[in-house]
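A structural walkthrough
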Amino acid sequence: MSTLAVVPMLNYFGYLFDAANWKLSADNSIPVLLVQHLIYTLVAVLVSALIALPLGLLIGHTNRGAFIAIGLGNLGRSLPTFGLILLLVTMVGVGVVPVLVALTVLAIPPILAQTYAGIRSVDPAAVDAAVGMGMRPRQVLLDAEVPMALPLIFSGLRSALLQVVATATVAAYASLGGLGRLLVDGLSRNEYDQIFAGAILVALLAITLDYLSAAVERAVVSPGVRDTSRRRTRGSRRSAQTPVEDTETALSTPR
Amino acid sequence: MITFDAVTKAFPGGNVAVDDLSLELPTGQITVFVGPSGCGKTTSLRMINRTIEPTSGTISIDGEDVSAQDAALLRRKIGYVIQNAGLFPHRTIVDNIATVPLLNGVAKRQARERAAELLTRVGLDESLGSRYPNQLSGGQQQRVGVARALAADPPVMLMDEPFSAVDPIVRDGLQKEFLRLQSELGKTIAFVTHDIDEAIKLGDKVAIFRVGGHLAQIGSPQELLDDPADDFVADFVGRDRGFRGLGFVTAEKLEVEPVSAYTGRSSDGRLVLDGDGRPTGWAVEGRDELRALPASFTKEDTLRLVTDLAITSPAGAAVRVDADGMADGVVAHEAIARHLTALRRESER
Amino acid sequence: MITYISNNYHDIVADLVQHLWLALIPVVVGAVLALPVGYLAARRPALYQPIINLGGVIYSIPSLAVFLLIPVVIGVGVLSPLNVLLGLTLYTLALLARTVADALISVRGEVTEAAVALGYRPIRMLFGVELPMALPVLFAGLRVATVANISLVSVGALVGSGGLGNLFTSGFQLGFTEPIIIGIVLSMLLAVVFDVALVLIQRQLTPWSRAGGRA
């Protein structure tokens, strides 16, 4: 294994600033890879949410099968996602579909666990009032419980989003497209400027997606429910989550 | 009128929360369910709007069996106020209040207008309407809870310890406001509390429950104080029943001595009036300054206040004033005691 | 499976050992660094949001990108284990600084007011009152960081320092599932073992939380 020696600063940006790499027509051009990465990410998160959100709502609302939600959440945190992707691909063969399936499945635990936690965190008095006032069960869930659970639900979604972006990056090793391609190819060719381009772009993509999802969260979540623990309050004031759960949820899944 | 007919609630596992309960809650009055923990008062309340279903027996509102109606629609016709308010944190105050009208299909603008009116009705400033519950104090949230229950103008209201979660001073204010509202609205109210003083203060009728879900006694506060059915009720109501009963009698029939009997005295405290005839204080021998009057009473005030004033005065007497605040009579402890004995004799005839 | 293990026993153990120090050193270093950073964020409200935000940004960057950008900053070769060590330390720091800050903020209240009234000075109070009270929260954060690190080390296989991740890559390249499965199982076992160990240590350090349960 040769070690890439330290390269003079100017050369880092070589790949990034080479116009040839930005041409849309080229096979592995940066825009193409970027779009691929985005598509894999969004598809995986969307499908995973379609499965995990209703399931989490159901488990939270009925409080049956809580062990599934919590257990899967814990499992998801300790699973080495990289290994799982490679295992699947080794068993089934290289291709977009197996990897996408793996990405989707791996995104389910955080969404499921946080959605469940969100519903459980809802003020029981508010739910009692909702039922007592004459809301039907579906209305209680959708108009009362869900809006109150949104902060935690969103933290699960954002966690899953970042996890998928990261796993899709390393999945390039299993021949997936996306920006990870630049990293993996650059590594095998010993071309640091390509690696650098890939790393910077992946980092920027992740940061941007995180920022955008935070903006969506701010827009969707009612100001009355926003997590007040971020404000500096005295210890005696109860916030919706303890700092531990906060840390766990905001930053829970490995990248 | 709400009627309980042999209602029983037995939970799986054997716990009987309510045992063969039969009683009537009169229309337009406040009936208070009171008792120690585990006596079934909250369970009974919740069976009215079917948030708990009875194991046997029937509950009817104005003759209609509640179990025969669609639960959700039934509840929209019953106001529901709970401890800690249970406001929706994700909705503004106005939208919280407008919840039931909106559920019933009322137009948003109309529902919000009515909500704003109700906000002022419960004693809050209209500007609070656009805020969120987490920006309001506990007492304010509780008022919003009441406004929310009133929004669809239901004939019946259920209130489960609505004032228990606030501090005593706020609670007192809320109770007074509540009585004022009720005098304007005349709803049929079922009110649960564990505080016998609150029950006596607020209830037109009070139902005392015993642990195990039995009704120990039901009657007006005066009846409970005067005539407890058994030791449990007597104990629950408290040892100072007699004194508390004074809160229900006014000073209308109380005979007073003329003011001059006290303004001319030299011993024990002399009453001092100002130029207009209003009482300013008691002059006590050996002291230069006047002892100010904590208050004076009018004919409409209760004997409890009068007795208290007499006790705290250096002359052992309370001063009565007329509508303009001018002293028109003085009454000594002994005279109050004689009056009470006469009242007691009269009521026993 | 058994044959694979017996044939490659030494490599597996070597990978396991590498995985251990690659995962644990960053936890320790990151935790130590997080104490002053978190303390600063807790005590200076103006710094709280920027520190937390910076941590959030760092944590959102995929690990492979971090491992590959560090060489630029510290001037080592791409395949040096320092990249993985530093990268994971950064993640741990980002995660735990927030935990420490939030924990210190949340323990302020009646107990600390009583401590001040008793005459505790700030440093003594920090180490004698606030940190002990914050232990449960801190340990919870440590557990999250440890498990996350154990999982992330395997990505380091792409840059030559992968611990058990080497089993993943060699399995993939050779088309064998056995090494991959072994790697996954061992990785998860490590996570469980360390999680339990941390819980036990926490119990030792917080005897008051156990006392309530006794008769």
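Examining the overall build of chain B
- Helix and strand counts for chain B stand at 14 helices and 15 strands.
- The principal-axis extents of the C-alpha atoms in chain B amount to approximately 75 × 50 × 30 Å.
- The 349 residues of chain B split such that 40% are buried.
- In chain B, the share of contacts with a sequence separation of at least 24, taken over all contacts with a separation of at least 6, comes to 61%.

Some thoughts on the overall build of chain C
- Within chain C, the secondary structure is distributed over nine helices and zero strands.
- In chain C, the succession of α and β elements from N to C terminus is α-α-α-α-α-α-α-α-α.
- In chain C, which comprises 215 residues, the proportion classed as buried is 48%.
- Looking at chain C alone, contacts between residues at least 24 apart form 67% of all its contacts between residues at least 6 apart.

So, helix H5 (residues 108-121) of chain B
Residues and elements named next belong to chain B.
- With 14 residues, H5 extends 20 Å between its outermost C-alpha atoms, agreeing within 8% with the 20 Å of an ideal straight helix rising 1.5 Å per residue.
- Here H5 has its buried residues at Ala111, Arg114, Ala115, Leu118 and Leu119. Viewed end-on, H5 has its buried residues packed into an arc of 150°, placing them on one side of the element. The outward face of H5, more than 90 degrees from its buried face, is lined by the exposed residues Arg109 and Gln110.
- Phi turns positive one or two residues past the end of H5, at glycine 123, with a value near 85°.

Concerning the nonpolar core
- Core analysis: the biggest nonpolar cluster contains 210 residues, and A:Ala199, B:Ile97 and C:Leu68 have the highest contact counts within it.
- Among the elements that make up this core, the one with the highest residue count is helix H7 (residues 137-170) of chain A (18 residues).
- Not counting chain neighbours up to four residues away, the residues in contact with A:Ala199 comprise A:Leu183, C:Ala65, C:Leu68 and C:Leu69.
- Judged by nonpolar contacts, the second largest core, of 19 residues, contains B:Tyr262, B:Leu271, B:Val306 and B:Val331.

A few points about the pairing of strand E2 (residues 16-25) of chain B
Residue and element names in this part refer to chain B.
- Note that strand E1 (residues 2-10) and E2 share six bridges and pair antiparallel. The residue bridging threonine 3 from the neighbouring strand is glutamate 24, located in E2.
- Here E1 hands over to E2 after five residues, with glycine 13 in that stretch at a positive phi of 110°.

Comments concerning the pairing of strand E10 (residues 214-219) of chain B
Residues and elements named next belong to chain B.
- Summarising the sheet, strand E9 (residues 205-210) and E10 pair through five bridges and their orientation is antiparallel. Of the residues in E10, the one forming a bridge with arginine 210 is histidine 214.
- Connecting the antiparallel pair E9 and E10 is a turn made up of three residues, with glycine 212 showing a positive phi of about 105°.

Some points on the interface of chain A and chain B
- Contact residues are listed per partner, giving 19 residues for chain A and 21 residues for chain B.
- At the level of secondary structure, the elements contributing two or more residues to the side of chain A that touches chain B comprise helix H6 (124-133) and H7 of chain A.
- Here the element with the most residues in the side of chain A that touches chain B is H6(A); it accounts for seven residues.
- When the residues that make up the side of chain A that touches chain B are grouped by side-chain class, the tally is eleven nonpolar, five polar and three charged.

Considerations on the packing of helix H2 (residues 30-62) of chain A against helix H5 (residues 96-120) of chain A
All names here are of chain A.
- Direction vectors running N to C along H2 and H5 enclose 35°, while the axes themselves pass 7 Å from each other. Taken as a pair, H2 and H5 cross one another with a handedness that is right-handed.
- A breakdown of the residues in the contact of H2 with H5 according to their chemical character gives 20 nonpolar, seven polar and one charged.

Overview of the interface of chain C and chain A
- On the side of chain A, 50 residues touch chain C, which itself brings 52 residues to the contact.
- Among the secondary structure elements, those contributing two or more residues to the side of chain C that touches chain A are helix H2 (45-60), helix H3 (63-74), helix H4 (81-107), helix H6 (122-153), helix H7 (165-174) and helix H8 (177-205) of chain C.
- A class-by-class count of the residues in the side of chain C that touches chain A yields 31 nonpolar, 17 polar and four charged.

A look at the sheet that holds E2(B)
- Ordered in space as E2-E1-E4-E5 (chain B), the four strands form an open sheet in which the pairing is antiparallel. Of all the strands in the sheet, just E2 and strand E5 (64-65) of chain B have a single pairing partner and so form its edges.

Considering unusual backbone geometry
All names here are of chain B.
- In this model, aspartate 20 sits at a positive phi of 50°, which is unusual for a non-glycine residue.
- Mapped onto the elements of the fold, aspartate 20 is located in strand E2.
- Unlike most non-glycine residues, aspartate 62 shows phi in positive territory, near 55°.
- Among the structural elements, aspartate 62 can be located in the loop between strand E4 (56-61) and E5.

Things to note about the sheet that holds strand E8 (residues 188-193) of chain B
All names here are of chain B.
- Spatial strand order, E6-E7-E8-E3-E9-E10: six strands in an open sheet with mixed pairing. Each of the sheet's edge strands pairs with one partner strand only, and the pair in question is strand E6 (78-82) and E10. Along the sheet, successive strands turn relative to each other by an average axial angle of 15°, direction set aside.
- Relative to E8, strand E7 (residues 156-160) is paired through five bridges, and the arrangement is parallel.

Overview of the arrangement of the chains
- No other pair among the two pairs of chains in contact exceeds the contact count of chains A and C.
- Taking C-alpha atoms only, the smallest gap left between chain B and chain C, which are not in contact, amounts to 19 Å.

Re the environment of C:Gly141
- Within the secondary structure, C:Gly141 is located in helix H6.
- On the basis of neighbour count, C:Gly141 is assigned to the buried category, with 29 C-beta atoms found within 10 Å.

Topic: the packing of H7(A) against helix H9 (residues 192-220) of chain A
Residues and elements named next belong to chain A.
- Between H7 and H9, the least distance of the axes is 10 Å, while the angle of their chain directions is 165°. What the angle tells us is that H7 and H9 run roughly antiparallel. In the crossing of H7 with H9, the sense of the turn from one axis to the other is right-handed. Residue-level contacts link Leu150, Phe154, Arg158, Leu161, Leu162, Val165 and Thr169 of H7 to Val202, Leu205, Ala206, Leu209, Asp210, Ser213, Glu217 and Val220 of H9.
- Split by residue class, the contact of H7 with H9 holds ten nonpolar, two polar and three charged.

Concerning the confidence of the model for chain C
- Per-chain confidence: chain C averages 89 in pLDDT, with 98% of residues scoring 70 or above.
- Scored as a whole, the predicted complex attains pTM 0.81, and scored at its interfaces, ipTM 0.85.

Digging into the environment of B:Val18
- Its place among the elements puts B:Val18 in strand E2.
- Through-space distance from the C-alpha of B:Val18 to that of B:Val7 is 7.2 Å; in sequence the pair is eleven residues apart.

What about the environment of B:Gln69?
- Within the secondary structure layout, B:Gln69 lies in the loop between E5 and helix H2 (71-76).
- Apart from the residues lying within four places of it in its own chain, the contact partners of B:Gln69 are B:Glu64 and B:Leu74.

Procedures and definitions
Residues numbered from 1 in each chain as written. Chains lettered and ligands numbered in written order. Predicted model: local features only at pLDDT ≥ 70, side-chain atom pairs only at ≥ 80, totals over all residues. Helix = DSSP H or I, 4+ residues; strand = E, 2+ residues; numbered from the N terminus. Buried ≥ 20, exposed ≤ 12 C-beta atoms within 10 Å, placed from the backbone. Contact = placed C-beta atoms within 7 Å. Expected span 1.5 Å × (residues − 1). Arc of directions from axis to C-beta. Core = buried A, V, L, I, M, F, W, Y, C linked by C-beta atoms within 7 Å. Pairing = 2+ DSSP bridges. Nonpolar A, V, L, I, M, F, W, Y, C, P; charged D, E, K, R; others polar. Axes fitted to C-alpha atoms, helices over the stretch in contact; angles between N-to-C directions. Left-handed = near helix turned anticlockwise from the far one by under 90°. Parallel < 35°, antiparallel > 145°, perpendicular 65-115°, else oblique. pLDDT = per-residue confidence, 0-100.

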